[in-house]
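Chain and residue survey
The primary structure of each chain is shown beneath.
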Amino acid sequence: MNDLARSLRNEMTRLGLDTMNPPTAAQWAALVDALNAAERQHAPTLPPPPRLSAEALRTVYETLQHEADTRLRDILNASRHPIAVRDLKSRYVVVNRAWNQRFGVDYDPVGRTILEIPEIDPHTAQRLHTAQLEFLANGQESSTSCVQLRGPDGRDGFVEVSFSRLHDALGRTIGTVGQGHDITELVRAREAAEASADAKGSF
């Protein structure tokens, strides 16, 4: 299984595949053809590798994908800040525990856009959806913006949202990673300081 996994990883890299970019039917065929060709060229003095089939490759691919997803979730869940990975159609690929807590969502939103999650305030959802689309359109590798959000408790707050591009093995953009930092107290303190300064200036 280790040799098969290593060969599959090499072919996935060559074809520009990763856990966010599953193979198409044609790419599955290319994987099978490439690895079976490697089998035919194998030195006769060495034990031949196992005969590869599309089903065997799919099993290994799904195993690698599960392992990668598990490691990624463990890393993301270690952060106390909401983190979300979305694809180019704004569908969630993975979110961390802090994201679920911030928005009061008790299920995995994978496959949905933020506009399709009824627990999130519609205005908040639209602001975050627009922020991601604007980031993808601006061509930058990363950016930060302040977004006003409404939490599950109905109270408004301010979040500094940082976006970064996610690339495949060939360097193509395949999605975004977004991370939020609650800066409500900072914004409120600044507003209070500005109001105090205005009040002093009026005397």
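The structure displayed is predicted, hence computed values, not measured ones. (Residues numbered from 1 in each chain as written. Predicted model: local features only at pLDDT ≥ 70, side-chain atom pairs only at ≥ 80, totals over all residues. Heavy atoms only, no water.)

**Notes on the sheet that holds strand S5 (residues 173–182)**
Inclusion rule: Pairing between strands is defined by DSSP: at least two bridges between the two strands are required. Strands are runs of DSSP state E lasting at least 2 residues, helices are runs of H or I lasting at least 4, and numbering of each runs from the N terminus. Note on geometry: axes are lines fitted to C-alpha atoms, helical ones only across the stretch in contact, with angles between N-to-C directions running from 0 to 180 degrees.
Taking strand neighbours across the sheet as the criterion, the five strands line up as S2-S1-S5-S4-S3 in an open arrangement whose pairing is antiparallel. At either margin of the open sheet sits one strand with a lone partner, and together these are strand S2 (92–95) and strand S3 (142–150). Direction aside, neighbouring strands of the sheet carry axes that sit 25 degrees apart on average. The pairing of strand S1 (residues 83–87) with S2 spans three bridges and is classified as antiparallel. In the sheet register, Val 85 faces S2, and the bridge partner there is Val 94.

**So, the nonpolar core**
Rules: Working definition of a nonpolar core: buried Ala, Val, Leu, Ile, Met, Phe, Trp, Tyr and Cys residues. They are joined through side-chain atoms within 4.5 Å. Only protein chains enter the area calculation, which uses a 1.4 Å probe; residues under 20% of their type maximum are buried, those over 50% are exposed, and those in between are partly exposed. In what follows, a contact means two residues having at least one pair of non-hydrogen atoms within 4.5 Å.
In this structure, Tyr 92, Trp 99, Phe 103, Ile 120 and Leu 128 are the most contacted members of the largest nonpolar core, which totals 18 residues. Contributing elements (two or more residues each) for this core: S2, helix H4 (97–103), helix H5 (122–138), S3 and strand S4 (156–167). Those residues within four positions of Ile 120 in sequence are excluded, and the remaining contacts are Trp 99, Phe 103, Val 105, Ile 114 and Ala 125.

**Some points on the packing of aromatic side chains**
The test is simple: Only the six-membered ring of Trp is used, alongside the rings of Phe and Tyr, when aromatic pairs are assigned; centres must lie within 6.5 Å, and planes under 30 degrees apart are stacked while those over 60 apart are edge-to-face, with the rest tilted. Definition used: whenever NZ (Lys) or CZ (Arg) falls within 6 Å of the ring centre and also within 35 degrees of the ring normal, the charge is taken to sit over that ring.
In the structure shown here, the tally under the stated rule is three aromatic pairs. A centroid spacing of 5.1 Å and a plane angle of 55 degrees characterise the contact between Trp 99 and Phe 103, whose relative ring orientation is tilted. Of the two residues, Trp 99 and Phe 103 both sit in helix H4, four residues apart, roughly one turn of that helix. For the pair Trp 99 and Phe 103, a shared accessibility class is recorded, and that class is buried. An aromatic cluster is defined as three or more aromatic residues linked by ring pairs; in this entry it consists of Tyr 92, Trp 99 and Phe 103. Here the basic side chain of Arg 102 rests over the ring of Phe 103, its NZ or CZ set 5.6 Å away from the ring centre. Sitting over the face of the ring of Phe 135, Arg 165 holds its NZ or CZ atom 5.1 Å from the ring centroid.

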